[in-house]
Amino acid sequence: MKILHTSDWHIGRRLKNKDRIEEFIKFFDWLKDLITRENVDVLLVSGDIFDNTTPSVQAQNIYYSFLYSIAKSQCKHCVIISGNHDSPAFLDAPSDLLKLSNIHVIGRASQNPDDEIIKLYDPDLIVCAVPYLRDRDVRKSDDNIDSIEKALTSGIYEHYKKVFTRAKEIKADSNIPIIAMGHLFARGGRTNIDDGTRSLYVGTSIEIGSDLFSKDYINYTALGHLHSQQFIKHENIRYSGSPIAMGFGEVGEKNAQKSVYIIEFNENNNIAINNIPVPEFQILKRISGNLDEIFTELENLSLLNKSIWLDITYTGREIIGDLPEQLNKFTKKFPLLEILSVHNENRELQYNNELDAIPEGLEKISPVKMLETCFDANKTPESQRKIFITLYQEILRDLNIDYEA
């Protein structure tokens, strides 16, 4: 049998307030084609279907249109669990209807292990489909406030162990493989800055050891929550990661390539895991430098003749008060380039150094002398100082402040 593992779709997510609906449409078109081309038998989706608990109508249309296409395809089963971004009630609402098409959705956690075990036929497979476990699912309200982290950790372990114990009972002496699904932070997992990974439990740093998913009785563990594809300690414990970059922080990282996994079982339940790269449906780029270097890089990127969203960091020494305006004016001649965020390190450095640049005896220093001290601290070019001092003197004069002393 062939199983496809994906997760963290985050349908409806925006980037710097930029709509990404077209990216999601292209991804799901690609995923449908992959499922057909590879003759996938079972699709596993390990949480964070939507980016928030109240998805837009557009986001819902994308989700249900995809499920409809899966129901009509040769893919025999689909198992979906909720993540920390999802509303369990929202995902569960149509579950009885979807089950008629062999689409199994587990939104809410249950105290009954049987509710989180799905026995599939043709192909035969036992899926331990554990959704994201919220605080209320695993911890008693009267737990000591000083041991919340310990209570959460032990509660998560206990919940999974009950499900796994029941799965082994169902398997009995048969040769049916067991798959585990979960949405959690496994110890040793990697994250990137600005990759959109949100803390699961506020005020704590819960990490679950890979020993929970023993390969002695679990053939493969399909995890969700971390947005970079990776395995945890063992090759059969994996995060598929998000199918599109969640933020500019992922750009250029060595594990930035997005992917899904296809797991193929042979008759002896040995598995082969294939990493299938996901195409980049929207190019994201980060560039930095002084103004001339940034302009040169923008011209070079325009030659690609592709839609590119940009995160720009200005690192030059020259003070540029209208940096975003200059950058946007320059890129108007390149319609496929769009600047989503601009950072001015010169200005940030100026703010950070401001207090350090002020010597003792402040009351004895004139405003203009203070400005010159700031120029020295920030290495402002001489060519700019005269015009800035002139403008500053005009401001002081308008405010009736003595600037000569």
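Definitions and cut-offs
Residues numbered from 1 in each chain as written. Predicted model: local features only at pLDDT ≥ 70, side-chain atom pairs only at ≥ 80, totals over all residues. Heavy atoms only, no water. Pairing = 2+ DSSP bridges. Helix = DSSP H or I, 4+ residues; strand = E, 2+ residues; numbered from the N terminus. Axes fitted to C-alpha atoms, helices over the stretch in contact; angles between N-to-C directions. Contact = heavy atoms within 4.5 Å. Expected span 1.5 Å × (residues − 1). Buried < 20%, exposed > 50% of the residue type's maximum accessible area, 1.4 Å probe, protein only. Arc of directions from axis to C-beta. Polar contact = N/O pair within 3.5 Å; in protein donor to acceptor, adjacent residues only side chain to side chain. Phe/Tyr/Trp six-rings, centres within 6.5 Å; stacked < 30°, edge-to-face > 60°. Lys NZ or Arg CZ within 6 Å of the ring centre and 35° of its normal. Salt bridge = Lys/Arg side-chain N within 4 Å of Asp/Glu carboxyl O. Core = buried A, V, L, I, M, F, W, Y, C linked by side-chain atoms within 4.5 Å. Parallel < 35°, antiparallel > 145°, perpendicular 65-115°, else oblique. Nonpolar A, V, L, I, M, F, W, Y, C, P; charged D, E, K, R; others polar.

### Details of the sheet that holds strand 14 (residues 308–314)
Then, in step 1: As summarised here, the arrangement of the 3 strands in space is 13-14-15, forming an open sheet in which the pairing is parallel. Each of the sheet's edge strands pairs with one partner strand only, and the pair in question is strand 13 (283–289) and strand 15 (337–344). Going across the sheet, the axis of each strand differs from the next one's by a mean of 20 degrees, ignoring polarity.
Then, in step 2: In terms of strand pairing, strand 14 meets strand 15 through 7 bridges, oriented parallel. Residue pairing across strands places Ile 312 opposite Val 342, the latter belonging to strand 15.
Then, in step 3: Contacts from helix 7 (residues 291–302) reach strand 13, strand 14 and strand 15, with the element oriented near 155 degrees to strand 13.

### Concerning helix 7
Then, in step 1: For helix 7, spanning 12 residues, the distance from its first C-alpha to its last is 17 Å, which sits close to the expected 16 Å at 1.5 Å a residue.
Then, in step 2: For helix 7, the complete set of buried residues consists of Leu 291, Ile 294, Phe 295, Leu 298 and Leu 301. In a view along the axis of helix 7, the buried residues occupy a sector of 125 degrees, so they form one face of it.
Then, in step 3: Next to the buried residues of helix 7 lie strand 13, strand 14, helix 8 (323–331) and strand 15.
Then, in step 4: Put simply, Asn 290 is the residue that caps the front of helix 7, since its side-chain oxygen is 3.1 Å from the backbone nitrogen of Asp 292.

### Concerning the sheet that holds strand 8 (residues 220–224)
Then, in step 1: On the basis of which strands lie adjacent, the open sheet formed by 6 strands has the order 5-6-7-8-10-9 and mixed pairing. Each of the sheet's edge strands pairs with one partner strand only, and the pair in question is strand 5 (117–120) and strand 9 (230–232). Averaged over all pairs of adjacent strands, the angle between their axes in this sheet comes to 30 degrees, without regard to strand direction.
Then, in step 2: Direction of pairing for strand 7 (residues 178–183) relative to strand 8: parallel, over a ladder of 5 bridges. Within the sheet, the bridge partner assigned to Gly 182 lies in strand 8 and is Leu 223.

### Some remarks on the packing of aromatic side chains
Then, in step 1: A full pass over the atoms with the stated rule returns 15 aromatic pairs.
Then, in step 2: Ring geometry for Trp 9 versus Phe 28: centroids 4.8 Å apart, planes at 85 degrees, classification edge-to-face. Pair noted here: Trp 9 is in the loop between strand 1 (2–6) and helix 1 (21–37) and Phe 28 is in helix 1, with a separation of 19 residues, a long-range link.
Then, in step 3: Using a relative accessible area of 3% as the deciding quantity, one classes Phe 28 as buried.
Then, in step 4: With centroids separated by 6.3 Å and ring planes inclined at 45 degrees, the aromatic side chains of Phe 375 and Phe 388 adopt a geometry described as tilted. One end of the pair, Phe 375, is in helix 10 (residues 367–378); the other, Phe 388, is in helix 11 (residues 382–398), with 13 residues separating them in the sequence.
Then, in step 5: Among the residues examined, Phe 388 registers a relative accessible area of 27% and is labelled partly exposed.
Then, in step 6: Members of the aromatic cluster, each reached through a chain of ring pairs, are Trp 9, Phe 27, Phe 28, Trp 30 and Phe 66.
Then, in step 7: Sitting over the face of the ring of Tyr 261, Arg 238 holds its NZ or CZ atom 4.8 Å from the ring centroid.

### Looking at the pattern of salt bridges
Then, in step 1: Scanning all chains against the criterion turns up 16 salt bridges.
Then, in step 2: Residue Asp 29 is joined to Lys 32 by a salt bridge in which the shortest nitrogen-to-oxygen separation is 3.3 Å. Here Asp 29 pairs with Lys 32, and both are found in helix 1, just 3 residues apart, close to one helical turn.
Then, in step 3: For Lys 32, a relative accessible area of 27% gives the class partly exposed.
Then, in step 4: The partner of Glu 250 in a salt bridge is Lys 258, with the nearest N and O atoms 2.4 Å apart. The two residues Glu 250 and Lys 258 agree in class, both being buried.
Then, in step 5: Bridged by salt links that share partners, the residues Asp 114, Arg 166 and Glu 169 form one connected network.

### Structural notes on the environment of Ile 320
Then, in step 1: As for its placement among the helices and strands, Ile 320 is situated in the loop between strand 14 and helix 8.
Then, in step 2: For the pair formed by Ile 320 and Asn 346, sequence separation is 26 residues and the distance between their alpha carbons is 8.6 Å.

### Section: the side chain of His 5
Then, in step 1: Structurally, the position occupied by His 5 is in strand 1.
Then, in step 2: Judged by its relative accessible area of 0%, His 5 is buried.
Then, in step 3: A polar contact of 2.9 Å, which involves the side chain of His 5, links it to the side chain of Tyr 220.

### Quick look at the nonpolar core
Then, in step 1: In terms of nonpolar packing, the biggest core is built from 36 residues, with Trp 9, Ile 11, Leu 31 and Tyr 63 touching the most fellow members.
Then, in step 2: Elements supplying a minimum of two residues to this core: helix 1, strand 2 (42–46), helix 2 (57–72), strand 3 (77–81), strand 4 (103–106) and strand 11 (259–265).
Then, in step 3: Ranked by residues supplied to this core, first place goes to helix 1 with 8 residues.
Then, in step 4: If we skip the residues at most four places from it in the chain, Leu 31 touches Leu 4, Trp 9 and Phe 66.
Then, in step 5: Cys 128, Val 130, Tyr 157 and Ile 176 belong to the second largest nonpolar core, which has 31 residues in total.

### Concerning the packing of helix 1 against helix 2
Then, in step 1: Contact geometry of helix 1 with helix 2 gives a least axis separation of 11 Å together with a crossing angle of 10 degrees. Taken together, the axes of helix 1 and helix 2 are roughly parallel relative to one another. Here Ile 21, Phe 24, Ile 25, Phe 28, Leu 31, Lys 32 and Ile 35 of helix 1 come into contact with helix 2, specifically with Gln 58, Ile 62, Phe 66, Ser 69 and Ile 70.
Then, in step 2: A breakdown of the residues in the contact of helix 1 with helix 2 according to their chemical character gives 9 nonpolar, 2 polar and 1 charged.

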